[in-house]
Amino acid sequence: MAEGRERKAEGPEGKGCVLSSPPPHPNPNPLPQERGYVVHLLGAMAALIGLCSPVWAHGDEAEELGHHWELAAYIGEVRLQLALMAGITCAIAAWLLAARYLRKRGARG
Amino acid sequence: MRPIWIIARMSVLENSRKHVFHVLCLLTLALIAGSTLLSIFTEGVQVKILKDLCMTSILFGGAALAITLGCTGIPNDVESRTIYPIIARPISRAQYVVGKFLGTMLTVSMGVIAMAAVFGVLIASYQHTFDPYLLLAVGFTLIEVCVIAAISTTISTLASPAITAVLTFLIYICGSIKIGYFGGLIDRATSGFVKVIYAAIYHALPNLECFNLKTALVHHDYVPVAYLAQVAIYGLCYAAFVLFLGTLGFARKEV
């Protein structure tokens, strides 16, 4: 290892001098960044599954929840969320349009 | 549309070269093939168990693909600085985000369709006939995966890949047990403030369980067409809405 850090070289006068260590040689088999992500993700997912495992069981309603198209709660929630999304989108669009109008008006006046 | 398509095509090429894509596809295909061995032990209901296991494998495989590919697309471009020449062109950031999402979705669809093809061949070899419910179940699985990919892409515009993956996975789990678990939590909450917080989380979470038609495929149950149409529209609207929020956030972000 010491040879890698310091090496002797012949100077112009023929005397040995110590050169600073060259930049570290890149690892021929670097661990790809993606693989590191995947290892972290798998660990986090395993921990989350472990924490959430009790709630996977729906208890006595398992039979009913399998046939979710027969439950009013599902389709009711779907319709409510559609209405909420439409409302929020309209509000954001109105806000963006108002901001653009005010900006234009400010630029003119 | 042309810039979106170009970004989507490049994203498909980039994603399909990733090792994660190949590993997850092969793992899911191995699970599908392995479920034939497990179903041997269930005499009489072999095909039903096979369908159940295979559909679960396809759903988890598709979700894992959507999360891993969706969470790395945009952050990798920002980190490697390949985003600069892209946004320097006459392409809006919204087009870039939508193109990335479409690329992720196309790649995940390729994987899911490959898994579904193997599953279809297995079922056809057992039943000696093609099961039309299979197309329905796989189609709705793709819509569910589309919602997950949209969530992953949107969060990735604001956060690092690791945080994005964990958050998306958490949303996926919570969305899958939304009605059965979170509905009960709201009912059990005593404090009014806690109830409001629970209700806000409850209504913000995607209702992913309604895309799960595994039971209909296994038992050949009739599912009303009106329900299917509403659920399909809901899935596409939810994905579009989440992407809309993502484009709004990304438009103001310093890259």
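Residues numbered from 1 in each chain as written. Chains lettered and ligands numbered in written order. Predicted model: local features only at pLDDT ≥ 70, side-chain atom pairs only at ≥ 80, totals over all residues. Heavy atoms only, no water.

A few points about the overall build of chain A
Then step 1. For chain A, the count of helices and strands is four helices and two strands.
Then step 2. Each helix and strand of chain A, placed in order from N terminus to C terminus, yields the pattern α-β-β-α-α-α.
Then step 3. Looking at chain A as a whole, 19% of its 109 residues are labelled buried.
Then step 4. Taken as a whole, chain A presents about 8600 Å² of accessible surface, with 62% of it coming from carbon and sulfur. (Helix = DSSP H or I, 4+ residues; strand = E, 2+ residues; numbered from the N terminus. Buried < 20%, exposed > 50% of the residue type's maximum accessible area, 1.4 Å probe, protein only. Areas by Shrake-Rupley, 256 points an atom, 1.4 Å probe, with all protein chains shown as cover.)

Quick look at a positive patch on the surface
Then step 1. Together, Arg100(A), Arg103(A), Lys104(A), Arg108(A) and Arg252(B) make up a region of like positive charge exposed at the surface.
Then step 2. Here Arg100(A) lies in helix α4 (residues 72–108). (Patch = residues over 30% accessible without salt bridge, like charges linked within 9 Å, V, L, I, M, F, W, Y side chains within 5 Å. Salt bridge = Lys/Arg side-chain N within 4 Å of Asp/Glu carboxyl O. Lys, Arg positive; Asp, Glu negative; His and termini not counted. Charge placed at Lys NZ, Arg CZ, Asp CG, Glu CD.)

Structural notes on the state of the cysteines
Then step 1. Throughout the structure, instances matching the rule amount to zero disulfides over all chains.
Then step 2. Not engaged in a disulfide, the cysteine Cys90(A) finds its nearest cysteine sulfur in Cys237(B); these two sulfurs lie 12 Å apart.
Then step 3. Of all cysteine sulfurs, the one in Cys54(B) lies closest to Cys25(B), which takes part in no disulfide; the gap is 15 Å. (Disulfide = S-S within 2.5 Å.)

Brief notes about the side chain of Thr247(B)
Residues and elements named next belong to chain B.
Then step 1. Checked against the element boundaries, threonine 247 lands in helix α11 (residues 225–251).
Then step 2. Accessibility expressed as a relative area gives 12% for threonine 247, which makes it buried.
Then step 3. Setting aside residues no more than four positions away along its own chain, threonine 247 makes contact with Ala94, Val97 and Val98. (Contact = heavy atoms within 4.5 Å.)

A few points about the confidence of the model for chain B
Then step 1. For chain B, the mean per-residue pLDDT works out to 89, and 98% of the residues sit at or above 70.
Then step 2. On the interface metric, ipTM, the complex scores 0.86, and its pTM is 0.80. (pLDDT = per-residue confidence, 0-100.)

Side note on the interface of chain B and chain A
Then step 1. Opposite the 46 residues of chain B that make contact, chain A presents 34 residues.
Then step 2. For the pairing of chain B and chain A, the buried interface totals around 3700 Å² over both sides, and the portion due to carbon and sulfur atoms is 75%.
Then step 3. When the buried area of chain B at its contact with chain A is split by residue, Phe169(B), Tyr227(B) and Phe241(B) rank highest and sum to 15% of it.
Then step 4. Counting across the interface, chain B meets chain A through one salt bridge.
Then step 5. Across the salt bridge formed by Glu77(A) and Lys178(B), the nearest N and O atoms sit 2.8 Å from each other. (Buried area = accessible area lost by both parts, 1.4 Å probe.)

Focus: the pattern of salt bridges
All names here are of chain B.
Then step 1. One pass over the full model with this rule turns up five salt bridges over all chains.
Then step 2. A salt bridge links aspartate 52 to lysine 214; the shortest N-O distance between them is 3.4 Å. Remark: lysine 214 occurs in helix α10 (residues 214–219) and aspartate 52 occurs in helix α3 (residues 46–79); sequence separation between them is 162 residues.
Then step 3. If you follow the salt bridges from partner to partner, you end up with Glu14, Asp77 and Lys100 in one network.

Re the nonpolar core
Then step 1. By size, the foremost hydrophobic cluster in this structure holds 81 residues, and its most contacted members are Leu65(B), Phe119(B), Phe140(B), Cys210(B), Phe211(B) and Tyr227(B).
Then step 2. Broken down by element, this core gets its largest block of residues, 14 residues, from helix α6 (residues 132–156) of chain B.
Then step 3. Those residues within four positions of Tyr227(B) in sequence are excluded, and the remaining contacts are His68(A), Trp69(A), Tyr74(A), Ile75(A) and Cys210(B). (Core = buried A, V, L, I, M, F, W, Y, C linked by side-chain atoms within 4.5 Å.)

Focus on the packing of aromatic side chains
Residues and elements named next belong to chain B.
Then step 1. Evaluated as defined, the whole model comprises five aromatic pairs over all chains.
Then step 2. Ring centres 5.9 Å apart and planes at 20° place the aromatic pair tyrosine 96 and phenylalanine 250 in the stacked group. Of this pair, tyrosine 96 sits in helix α5 (residues 93–127) while phenylalanine 250 sits in helix α11, placing them 154 residues apart in sequence. The burial state of tyrosine 96 is the same as that of phenylalanine 250; both residues are buried.
Then step 3. Note on phenylalanine 169 and tyrosine 172: the rings are 6.3 Å apart at their centroids and 45° apart in plane angle, and the pair reads as tilted. Here the residue phenylalanine 169 and the residue tyrosine 172 both occupy positions in helix α7 (residues 161–176), the gap between them amounting to three residues, near one helical turn. (Phe/Tyr/Trp six-rings, centres within 6.5 Å; stacked < 30°, edge-to-face > 60°.)

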